[in-house]
Amino acid sequence: MKRRQLIELTNMCLIYSDDRILVQEKLGTGYEGGLLFPGGHVEPGESLRDSVIREMKEETGLDISEPQPCGFKDWIQEDGTRYIVLLYKTNKFSGELKSSEEGKVFWLDRKDIDKVNLIWNMRELLEIFETDHYSEFFFEYKEGTYEPGKLLG
């Protein structure tokens, strides 16, 4: 049995401060007005921790510290590659917030979360970011389609 598989590694980070969370209106997604949490790819030779610090600087302008791993989102792509999104959170940051070519970033009051268009299962990921009930959000690919994602504890 072959035990190795191709993997695409990415990250996503929930940056929070008191009653606010940082969101990004991602450009080029086809989901106009859709919000998600910033993130990006792990570069070859880069540590997982360093990748999320770099991506947050590139996409938000903020220098984060002490990113805490809290779970992952993953699925198997049609070509068999496993796509893994490593989930981090932190409330330790400095610098000036600025948007990038990836999309506009801004603070969202937690009380307004139910009123906004969070895309790509961000509501389920909040369960991972903010509770200890779950650690994984997994999509299965069966018979040419993706099954609804499942939160796993």
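Overview of the structure. (Residues numbered from 1 in each chain as written. Predicted model: local features only at pLDDT ≥ 70, side-chain atom pairs only at ≥ 80, totals over all residues. Heavy atoms only, no water.)

## Points about the environment of V23
Spelled out, the test is: Helix and strand definitions follow DSSP, with helices as H or I runs of at least four residues and strands as E runs of at least two, each counted in order from the N terminus. Contact between two residues is taken to exist if any of their heavy atoms lie within 4.5 Å; hydrogens are not considered.
Along the chain, V23 turns up in strand β2 (residues 20-26). Taking C-alpha positions, V23 is 6.7 Å from L108, a pair spaced 85 residues apart along the chain. Every residue in contact with V23, bar those within four places of it in the chain, is listed here: L35, L36, F37, K104, V105, F106 and L108.

## Here's the deal with the side chain of E46
Here is the rule we go by: N or O atoms within 3.5 Å of each other form a polar contact, as long as, within protein, one can give a hydrogen and the other can take it, and as long as residues adjacent in sequence are counted only when both atoms are side-chain atoms.
Summarising the element assignment, E46 is placed in the loop between β4 (39-41) and α1 (48-60). At 2.9 Å, the side chain of E46 and the backbone nitrogen of E43 are in polar contact. Aside from chain neighbours lying at most four places away, what touches E46 is H41, S51 and R54.

## Some words on the packing of aromatic side chains
Convention followed: Aromatic contacts are taken between Phe, Tyr and Trp rings whose centres are within 6.5 Å, Trp giving its six-membered ring; a plane angle under 30 degrees counts as stacked, one over 60 as edge-to-face, and the others as tilted. Remark: exposure states derive from per-residue accessible area (1.4 Å probe, protein chains only) relative to the maximum for the residue type, with buried under 20%, exposed over 50%, and partly exposed in between.
Applying the stated criterion across every chain, the model contains six aromatic pairs. Where F93 meets W107, the ring centres are 5.5 Å apart and the plane angle is 35 degrees; that geometry is what we call tilted. Residue F93 is found in strand β8 (residues 93-94), and its partner W107 is found in strand β9 (residues 103-109); the two are separated by 14 residues along the sequence. Under the relative-accessibility criterion, F93 is labelled partly exposed at 29%. You can call W107 partly exposed: its relative accessible area is 21%.

## Focus on unusual backbone geometry
Positive phi, close to 50 degrees, is recorded for D18, a residue that is not glycine. Even without being glycine, N121 reaches a positive phi, approximately 65 degrees. Mapping N121 onto the fold places it in the loop between β9 and α2 (122-130). N121 sits in the partly exposed class, given a relative accessible area of 24%.

## Digging into the pattern of salt bridges
Cut-off, in case you're wondering: We define a salt bridge as a side-chain nitrogen of Lys or Arg found within 4 Å of a carboxyl oxygen belonging to Asp or Glu.
Inspection of the entire model under this criterion finds 15 salt bridges. The shortest N-O distance in the salt bridge between R54 and E43 comes to 3.9 Å. Taken together, the residues span a long stretch of sequence, with R54 in helix α1 and E43 in the loop between β4 and α1 at a distance of 11 residues. According to the relative accessible area criterion, R54 is buried, its value standing at 19%. A residue is classified by how much of its surface remains accessible, and E43, at 40% relative accessible area, is partly exposed.

## Quick notes on the side chain of S100
Mapped onto the elements of the fold, S100 is located in the loop between β8 and β9. Of the residues examined, S100 reaches a relative accessible area of 19% and is grouped as buried. Here the side chain of S100 touches E102 through a polar contact of 3.0 Å, landing on its backbone nitrogen. Not counting chain neighbours up to four residues away, the residues in contact with S100 comprise Q24, E58 and E59.

## Considerations on the pairing of strand β1 (residues 7-17)
We count it as follows: Two strands make a pair as long as DSSP finds a minimum of two bridges between them.
Bridge count for β1 against strand β7 (residues 82-90) is nine bridges, and the pairing is parallel. Bridge pairing links I15 to T90 in β7. Where β1 lies against β4, three bridges are found, and the strand directions are antiparallel. Paired with N11 across the strands is G40, a residue of β4. Pairing of β1 with β2, which is carried by two bridges, proceeds in the antiparallel orientation. The residue bridging S17 from the neighbouring strand is R20, located in β2. Once β1 ends, the chain turns through two residues before running back antiparallel as β2, passing D18 with a positive phi of about 50 degrees.

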